[in-house]
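As a plain string of letters, each chain reads:
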Amino acid sequence: MNILTIATTPFSDQKPGTSGLRKSVPDFQKPHYLENFVQSIFDTITSGAGGAIGNCTGQTLVVGGDGRYYNRPASQIILKMAAAAGFAQVKIGKGGILSTPAASCVIRKYQAIGGIILSASHNPGGPDGDFGIKYNTGNGGPAPEKVTEAIYARTKNIDKYQMLEAADIDLDRLGKTMLGPMLVEVIDSVTDYQELMESLFDFDRIQTMLKGNFRLAMDSMHAVTGPYATAIFEQRLGAAKGSVMNGVPLEDFGKGHPDPNLVYAHDLVKVLFGSNAPDFGAASDGDGDRNMILGRNFFVTPSDSLAILAANAKLVPAYKDGLAGIARSMPTSQAADRVAAKLGIDCYETPTGWKFFGNLMDAGKVTLCGEESFGTGSNHIREKDGLWAVLFWLNILAVRGESVEQIVKEHWRTYGRNYYSRHDYEGVAVDRANDLVAKVQGAMPTLPGKKFGSYEVAYADDFSYTDSIDGSVSTKQGMRIGFVDGSRIVMRLSGTGTQGATLRAYFESFTDDVNQQNIEVQQALAGPMSIAEELAQIKSHTGMDKPTVIT
Ligand code: G1P
Ligand code: ZN
C-alpha cells in the first residue's frame with residue numbers, strides 16, 4: 001500500500017454556492033481541481049473547523065452522485081483519497097449513483113460521519129455541461145455555512161493532497177472490497193431509500209389506486225430518479241409499465257435540462273396538457289431532490305404544493321399525529337403560513353437553500369419544509385425529496401379520491417389563494433446584474449410608505465436571517481418589497497448558476513375572494529411585475545425584454 005502525497009497550489013474559485021461547488025466539467029477536469037476540494041473537505045473534518053466535528057480516521061463516509069458525466073472518474077478519485085485520509089469504510093451507490101435524497105437517507109441510516117454528493121442538480125450535464133460536489137454532514141443534510149466557509153478557507157491555502165495508489169474499484173458489482181486499508185461497499189442505489197418510503201406512506205392504498213383506473217406519468221428526465229421511480233411506482237406499486245418516462249439515466253440527460261418546471265419538463269407537460277391526459281403527472285430533477293406536480297391540465301405551484309401537503313398531512317401514516325411546524329424559504333409564497341396559522345403551529349421563514357432547514361428539523365421545530373424552486377421535503381431526511389413529494393401526493397389522492405385540481409381549488413376556497421410566479425433572467429452580464437442590485441438596494445430606504453398606483457409599500461429590506469438554534473446570522477439573502485395588501489416582490493441573484501449571473505424575481509399576491517381565484521397568474525400579478533420593472537429597470541439591466549424562464 002502506497003499513499004502518495006501530491007503537491008498542489010490553491011484555486012481561487014472554490015467557494016461553495018447555494019448548494020456546494022458547481023463548475024463546468026472542464027473546470028473540474030483541470031489537474032488537482034477536484035482533489036484540492038476533496039482534500040479541503042477532509043482537512044476541515046479533521047480540524048473540526050466551523051464545527052465540523054471530528055476526524056476521518058475510523059469513520060464511515062457515503063459517496064454517490066446523480067450519474068452525470070464525470071461522476072465515475074470523480075468517484076474513483078474520492079475513494080482513493082478517502083482511503084489515504086484514514087476512513088474505515090465508504091458506502092457508495094452502484095455505478096457511483098445515489099440520488100441526493102437517497103444519499104441523505106444512507107448517511108443517516110448507517111450513521112456515517114457525512115457524505116460527498118456529486119451533482120450539479122438540475123444543471124445540464126455532459127462533457128461541456130456542469131458538475132458539482134457537496135459535503136453533507138452526519139445528520140444527512142448539506143453542511144451548514146460555517147462548515148462550507150471553513151472548507152473554502154482551506155481551499156485558499158492548500159498545498160498538498162493525499163491519495164492511495166491503487167487500481168479502480170468495480171463500481172458495478174454490489175458488495176464489499178478492500179481498497180488498501182479501507183472497506184468499500186458498493187450498495188444498491190434504491191433499496192434503503194425505498195424501505196424508508198414504505199415506512200412513511202400507505203403503500204397498500206396507493207397500490208390499490210394505481211392498479212385501478214388511476215393513471216400516472218412520472219418524468220425522470222433521463223436523470224437519477226429513473227431506477228427509483230421504476231422500482232417504486234411500476235414494480236412495487238403496480239403502475240402500468242411505461243408510466244415512468246425518460247427512465248434511463250444518461251450521462252448528459254439526453255442533452256436535456258433536467259429541471260422539473262413547465263419549460264424544461266416539456267415531454268411531461270405535453271402529456272398532461274394533451275388529449276386523454278393521465279390523472280397525475282410528476283417530474284424530478286438531475287439528482288432527484290426536486291419535484292413538479294401536475295394534475296390533468298393543471299399545474300400546482302411548489303408553494304401551493306407545500307401548503308396542501310401540510311393541510312393534508314394527517315392523511316399520511318408518518319404524519320398522522322400532526323406537524324411540529326413548517327418552514328419555507330423567504331421567496332416561497334406565504335400559502336404555507338396560512339395553513340400553519342390555522343393548525344396553530346409555527347411557520348419559519350429561512351433564506352434560500354435547503355441547508356437552512358437542517359437546524360430546525362434537528363431541533364424538532366419543523367416537520368415539513370419547502371421552497372418555491374420545486375423543493376419539498378420533511379424531517380425523514382435532511383434534503384428535499386422529489387419522489388417523497390410524489391408519494392405524498394399519491395397518498396392524499398388515494399385517500400381523498402378527488403382530482404388534483406379539485407384538491408387545489410378547495411384549498412384556495414378554504415385558505416385563500418396566493419398567486420405566485422418566478423421570473424428568471426439567465427446569463428446576465430455580472431456587472432449589469434450587480435448594478436441592478438445596487439440600484440434597488442439604494443432605493444430601498446425611500447420605499448416604505450411610497451405608493452405605486454393602488455399599491456403602497458409596507459416594508460423594503462434585504463433579508464437577514466438569524467438561526468434560532470445556533471444564533472448564526474446570514475445577511476443579504478434577497479431584497480424584499482412588501483405591500484400593504486400583502487403582495488410581495490422579491491429579487492435576488494442565483495447562487496447556483498455557472499454562467500454569468502441569473503436574476504430571480506418573485507411575485508406574489510393574495511385573495512380570499514373565491515370569485516377572484518381563477519385569474520390567469522401573469523395577469524393577476526401584473527401590478528407587482530410592473531412595479532419591479534419601474535424600480536429595477538430589469539429590461540435594460542438584463543438586456544432582455546422577457547424572462548428566460550417563467551414558472
Ligand atoms: C436554487 C433555488 C434554491 C435551491 C437551490 C438548490 O438556488 O432557487 O431554492 O435551494 O437552487 O437546489 P439559486 O440558484 O436561486 O441560488
Ligand atoms: Zn436537485
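Residues numbered from 1 in each chain as written. Chains lettered and ligands numbered in written order. Predicted model: local features only at pLDDT ≥ 70, side-chain atom pairs only at ≥ 80, totals over all residues. Heavy atoms only, no water.

**Regarding the coordination of the zinc ion (ligand 2)**
When four donors bind a metal tetrahedrally, each ideal donor-metal-donor angle is 109.5 degrees, and when six bind octahedrally, the ideal angles are 90 or 180 degrees. Under the convention used in this document: Water is not part of the atom set, so a site may look incomplete; the donors themselves are N, O and S atoms within 2.8 Å of the metal, or 3.2 Å for Na, K and Ca. Tetrahedral means four donors with every angle between 85 and 135 degrees, whereas square planar (four donors) and octahedral (six donors) require angles over 155 degrees between opposite donors and between 65 and 115 for all others; sites fitting neither are termed irregular. For every residue, the accessible area (1.4 Å probe, protein chains only) is compared with the maximum for its type, and the residue is labelled buried under 20%, exposed over 50%, or partly exposed between those bounds.
The zinc ion (ligand 2) binds to the protein through Ser121 (OG), Asp285 (OD), Asp287 (OD) and Asp289 (OD), with metal-donor distances spanning 2.0 to 2.1 Å. For the zinc ion (ligand 2), the four donor atoms in the first shell make angles of 85 to 164° at the metal, a pattern classed as irregular. Look at serine 121 and you get buried, because its relative accessible area is 4%. Looking at aspartate 289, the relative accessible area reads 4%, which means it is buried.

**Concerning the site of ligand 1**
Cut-off, in case you're wondering: It suffices for a single heavy atom of a residue to lie within 4 Å of a molecule or strand for the residue to be listed as near it. Pairs of N or O atoms within 3.5 Å make up the polar contacts considered here, provided that, within protein, one atom can donate a hydrogen while the other can accept it, and that residues adjacent in sequence are counted only when both atoms are side-chain atoms. Accessibility throughout is a Shrake-Rupley quantity obtained with a 1.4 Å probe, and a residue counts as covered only by protein chains that appear here. Throughout, the ten residues Ala, Val, Leu, Ile, Met, Phe, Trp, Tyr, Cys and Pro are labelled nonpolar, Asp, Glu, Lys and Arg are labelled charged, and all others, Gly among them, are labelled polar.
Around ligand 1 sit 13 residues in total, of which Ser373, Ser494, Gly495, Thr496 and Arg504 are the nearest. A distance of 2.6 Å separates an oxygen atom of ligand 1 from a polar atom in the side chain of serine 373. Serine 494 places a side-chain nitrogen or oxygen 2.6 Å from an oxygen atom of ligand 1. Relative to its free-state accessible area of 380 Å², ligand 1 is covered by the protein chains to the extent of 98%. Class assignment for the residues of the shell around ligand 1 results in no nonpolar, seven polar and six charged.

**Things to note about the pairing of strand β3 (residues 60-65)**
As a reminder of what qualifies: Numbering of helices and strands runs from the N terminus; a helix is a DSSP stretch of H or I covering at least four residues, while a strand is a stretch of E covering at least two. Here a crossover is taken to be right-handed if, once the strands point away from the viewer, the path from the first strand over the helix to the second is traced clockwise. A pair of strands is labelled paired if DSSP reports no fewer than 2 bridges between them.
By the criterion of burial, β3 is predominantly enclosed, with six of the six residues buried. Burial along β3 is two-sided: Thr60, Val62 and Gly64 facing one way and Leu61, Val63 and Gly65 facing the other are all buried. For the segment spanning β3, helix α3 (residues 71-85) and strand β4 (residues 89-97), crossover handedness is right-handed. Relative to strand β5 (residues 114-118), β3 runs parallel, the two sharing five bridges. Looking at β5, one finds that valine 62 is bridged to glycine 115.

**Let's talk about the layout of surface pockets**
For the record, the criterion: Points on a 1 Å grid, built from protein atoms alone, make a cavity when a 1.4 Å probe fits but cannot get out and make a pocket when they are open with protein on both sides within 12 Å along at least 5 of 7 lines; residues with an atom within 4 Å of a point are the lining residues. Grid points are joined across faces, edges and corners, and a volume is the space filled by probe spheres set on the points.
In this structure, the largest pocket spans a volume of roughly 1,000 Å³. Residue lining of the largest pocket: 39 residues in total, with Gly17, Thr18, Leu493, Ser494 and Gly495 positioned closest to the centre. For the lining of the largest pocket, the elements supplying multiple residues, two or more each, are β2 (21-24), α5 (145-155), α15 (430-443), β25 (488-493) and β26 (501-511). With four residues, the top contributor of residues to the lining of the largest pocket is β2. Here the lining of the largest pocket is built from residues that sort into eight nonpolar, 20 polar and 11 charged.

**Describing helix α11 (residues 335-343)**
The line we're drawing: The arc in question is the one spanned by the directions pointing from the helix axis to the C-beta atoms.
Looking only at α11, the buried set comprises Ala335, Ala336, Val339 and Ala340. Each buried residue of α11 sits inside an arc of 140° when the element is viewed along its axis, so together they form one side. Relative to its buried face, α11 has exposed residues pointing more than 90 degrees away, namely Ala341 and Lys342. Residue glycine 344 follows α11 closely and has a positive phi angle near 75°.

**What about the packing of aromatic side chains?**
The relation between two aromatic rings is expressed through the spacing of the ring centres and the mutual angle of the planes. Under the convention used in this document: Two aromatic rings, drawn from Phe, Tyr or Trp (for Trp, its six-membered ring), form a pair once their centres lie within 6.5 Å of each other, and the interplanar angle then sorts them: stacked below 30 degrees, edge-to-face above 60, tilted otherwise.
Scanning the model with the defined rule gives 16 aromatic pairs in all. Summarising the aromatic geometry, the rings of tyrosine 70 and phenylalanine 131 are spaced 5.3 Å apart at their centres and angled 75° between planes, so their arrangement reads as edge-to-face. Of this pair, tyrosine 70 sits in the loop between β3 and α3 while phenylalanine 131 sits in strand β6 (residues 130-137), and the two are 61 residues apart along the sequence. Note on tyrosine 70: relative accessible area 12%, which makes it buried.

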